[in-house]
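Chains, contacts and geometry: an overview
Each chain, letter by letter, is given below.
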Amino acid sequence: MNKFILFLLFGFLFHIANSQVAYETIESSKLGDTREIKIQLPRNYDPEGDILYPLVVVLDGDYLFEPVIGNADYHSYWGDMPRSIVVGVNQAQKRDVDLSFSGTTYFPSDEGGSQFFEFIGMELIPYINENYLTSNFRIVVGHDQSANFINYWLFKDKPLFRGYIAFSPDLSPEMVNRLQEKLSITTEDTFYYLATADNDIKGLRDDILACNAALSAIENEKLHYRFDDFKDADHYSLVGLGIPKAINEIFGLYKPINKKEYNEKVLTYEEGPFAYLIKKYEDIEFFYGFEKKVVENDLRAILAATKKKDDIESMKSLAKLTQKEYPKSMISSYYSGIYHEMSGNARKALIEYQSGLLLKESEFVNKDMLLDKIYDLQE
């Protein structure tokens, strides 16, 4: 894919989310200056609500913010990632200073790198947390020099971010060794995505391949690592290819149940389909730090598995869950009716289906489905 097509794609993605973008200027005592930021809020964001959203911080926001928000908006629309707050930090005028590191320690320099490091952790994120509904699950994204810089937050006693997305990083000396050492002993679930391409800048690519060899050798169940080496891509176009890959990696557990998960995990789970559903959502809350409402796609998957295995206890629990999660939807009556049918109580099943006609249709359950059930039971 050439650069022209990528720019058209980015422009399209930007158009999708542009109406939600706010532009703000932060007064920074750490930088001794002001700094412009861009903020995309999720669709239907309610500042008075109680939903907390993951925070995605995008360095090099001048050009990297737009492709990230386009992908975030697209993937959250389809339920493949949670709706998130995305913040881009503009660096065009101060990039080399912001991302500078010491020639002796190879950590952020006192000539600008340390100040920018503190600005993000001590000013920007507290400002966003104070003014917007953010969860504690945070991701940071960088490209080239900024992809190297994001690693410095890993080395804090309590890392600022849980997810790190590094596109073709310009790695500082000792960074590979430091990353391997830190990620080998991390005790918190950490998501790390690294990418290069066959036409990437040669010096960067060689170091990135060496970094991948080191990180791939780590045996730590708390590290969730993915590496991509894209074909027919260069230092710039790999970003457009990598963003959806990174999102899929970081939010793989969050995504709705697909055919592969259904066959390999739901049907084979020893404790039954409903127990698998509960575990999946408990894991989501544990990994990401926020609750996810059970989506209808997953209810359908568990229903199919329950019927296939003739698991009446799972069906009973599933019916109760739908009544709790969707009390005003036809889903609750439909699932309760199926439970009573499986239990051999056609009269109660008929009552449930009939009562469901007064409720709201859902994405997958409608009036015709309930009427079909009613007609079948009355024959």
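Refer to the preceding data block for the structure.
My aim in this report is to walk through the structure given alongside it, one point at a time. Please read all numbers here as calculations on a predicted model, not as lab measurements.

A few points about the overall build of the protein chain
Looking only at helices and strands, one finds 15 helices and eight strands in the protein chain. For the C-alpha atoms alone, the extent of the protein chain along its principal axes is close to 80 × 40 × 40 Å. Here the protein chain, with 379 residues, has 52% of them falling under the buried criterion. Pairs at least 24 residues apart make up 71% of the contacts formed inside the protein chain by residues separated by at least 6 positions. On the protein chain, roughly 18,400 Å² of surface is accessible, and the fraction owed to carbon and sulfur atoms is 50%.

Here we look at unusual backbone geometry
With a phi close to 60 degrees, Asn44 is a non-glycine residue in the positive phi region. Relative to the assigned elements, Asn44 resides in the loop between β2 (33-40) and β3 (53-58).

Considerations on the side chain of His143
If you trace the backbone, His143 turns up in strand β5 (residues 134-143). Classification of His143 by relative accessible area gives buried; the value is 2%. A polar atom in the side chain of His143 sits 2.9 Å from the backbone oxygen of His235. Not counting the four nearest positions on each side in its chain, His143 is found in contact with Asp60, Tyr63, Leu64, Arg95, Phe167, Ser168, His235, Tyr236 and Val239.

Concerning the nonpolar core
Counting residues in each nonpolar core, the largest one holds 65 residues, and the members touching the most others are Val141, Phe167, Phe251, Leu277, Tyr288, Leu299 and Leu318. Element by element, the count of residues in this core is highest for helix α10 (residues 273-288), at seven residues. Contacts of Phe251, omitting those with residues within four sequence positions, involve Asp80, Met81, Pro82, Phe137, Ile139 and Tyr288. Formed by 46 residues, the second largest nonpolar core is a distinct cluster that contains Val140, Phe161, Leu171 and Leu215.

Focus: the environment of Tyr23
Structurally, Tyr23 can be placed in strand β1 (residues 21-28). Judged by relative accessible area, which is 54%, Tyr23 ranks as exposed. The spacing of Tyr23 and Val87 is 64 residues in sequence and 9.8 Å in space, taken between C-alpha atoms.

A closer look at a nonpolar patch on the surface
Taken together, the side chains of Tyr74, Tyr77 and Trp78 define a hydrophobic patch exposed on the protein surface, amounting to about 400 Å² of accessible area. With respect to the helices and strands, Tyr74 occurs in helix α2 (residues 61-77).

Some remarks on the sheet that holds β1
Each strand in a sheet pairs with another by means of backbone hydrogen bonds, the pair being arranged parallel or else antiparallel. Pairing is mixed in the open sheet, where eight strands are placed in the order β1-β2-β4-β3-β5-β6-β7-β8. Single-partner strands in this sheet number two, and they are β1 and β8 (223-234). Strand-to-strand twist across the sheet, computed as the mean angle between neighbouring axes with direction ignored, equals 20 degrees. Relative to β2, β1 runs antiparallel, the two sharing eight bridges. From the neighbouring strand, Glu27 faces β2, where its bridge partner is Thr34.

Notes on the packing of α2 against helix α8 (residues 237-250)
Where α2 meets α8, the closest approach of the two axes is 10 Å, and the angle between their N-to-C directions is 40 degrees. Here α8 runs oblique to α2, going by the angle between their axes. The two elements α2 and α8 meet at a crossing, and its hand is right-handed. Across from Leu64, Pro67, Val68, Asn71, Ala72 and His75 in α2, the residues of α8 making contact are Val239, Ile243, Pro244, Ile247 and Asn248. Among the residues forming the contact of α2 with α8, the class breakdown is eight nonpolar, three polar and no charged.

Side note on a negative patch on the surface
Together, Glu361, Asp368, Asp372, Asp376 and Glu379 make up a region of like negative charge exposed at the surface. Residue position: Glu379 is located in the segment after α15 (367-378).

Some remarks on the packing of aromatic side chains
Overall, the coordinates contain 30 aromatic pairs when judged by the stated rule. With a centroid separation of 5.2 Å and 10 degrees between ring planes, the pair formed by Phe117 and Trp153 is classed as stacked. Separated by 36 residues along the polypeptide, Phe117 in helix α4 (residues 113-131) and Trp153 in the loop between α5 (145-149) and β6 (163-167) bring together distant segments of the chain. For the pair Phe117 and Trp153, one class covers both residues: buried.

Cut-offs and rules
- Residue numbers restart at each chain and count upward from 1, following the sequence in its written direction.
- Given that this is a predicted model, residues contribute local features only at a pLDDT of at least 70 and side-chain atom pairs are listed and counted only at 80 or more, while totals for whole chains, interfaces and linings are drawn from all residues.
- The basis for every side-chain value is the complete set of heavy atoms in the structure, and neither hydrogens nor water enter the calculation.
- Going along the chain from the N terminus, every DSSP run of H or I of four or more residues is numbered as a helix, and every run of E of two or more is numbered as a strand.
- Exposure categories follow from relative accessible area, calculated using a 1.4 Å probe and restricted to protein chains: below 20% of the type maximum is buried, above 50% is exposed, and the middle band is partly exposed.
- In this description, contact between two residues means that some pair of their heavy atoms is separated by no more than 4.5 Å.
- Working definition of accessibility: Shrake-Rupley area with a 1.4 Å probe, residue cover restricted to the visible protein chains.
- Under the rule applied, a polar contact is a pair of N or O atoms within 3.5 Å (in protein, one hydrogen donor and one hydrogen acceptor; residues adjacent in sequence only if both atoms are side-chain atoms).
- By nonpolar core we mean a set of buried residues, namely Ala, Val, Leu, Ile, Met, Phe, Trp, Tyr and Cys, connected to one another through side-chain atoms within 4.5 Å.
- Distance thresholds for patches are 9 Å for like charges and 5 Å for nonpolar side chains (Val, Leu, Ile, Met, Phe, Trp, Tyr), applied to residues having over 30% relative accessible area and no salt bridge.
- Any Lys or Arg side-chain nitrogen found within 4 Å of a carboxyl oxygen on Asp or Glu counts as a salt bridge.
- Only strands joined by at least two bridges in the DSSP assignment are considered to pair.
- Axis angles are defined between N-to-C directions and span 0 to 180 degrees, where every axis is a line fitted to C-alpha atoms and, for a helix, only to the segment in contact.
- Comment on the angle field: the value is read as roughly parallel under 35 degrees, roughly antiparallel over 145, roughly perpendicular from 65 to 115, and oblique elsewhere.
- Crossings are classed by handedness, with left-handed meaning an anticlockwise turn of the near helix from the far one by less than a right angle and right-handed meaning a clockwise turn.
- Gly is placed with the polar residues, together with every amino acid not listed as nonpolar (Ala, Val, Leu, Ile, Met, Phe, Trp, Tyr, Cys and Pro) or charged (Asp, Glu, Lys and Arg).
- The sign given to each residue is positive for Lys and Arg and negative for Asp and Glu; His and the chain ends receive no count.
- Where a charge lies is defined by one atom per residue type: Lys uses NZ, Arg uses CZ, Asp uses CG and Glu uses CD.
- Paired rings are identified among Phe, Tyr and Trp, the last through its six-membered ring, by centres lying within 6.5 Å, and are further divided according to the angle between planes into stacked (under 30 degrees), edge-to-face (over 60) and tilted (the rest).

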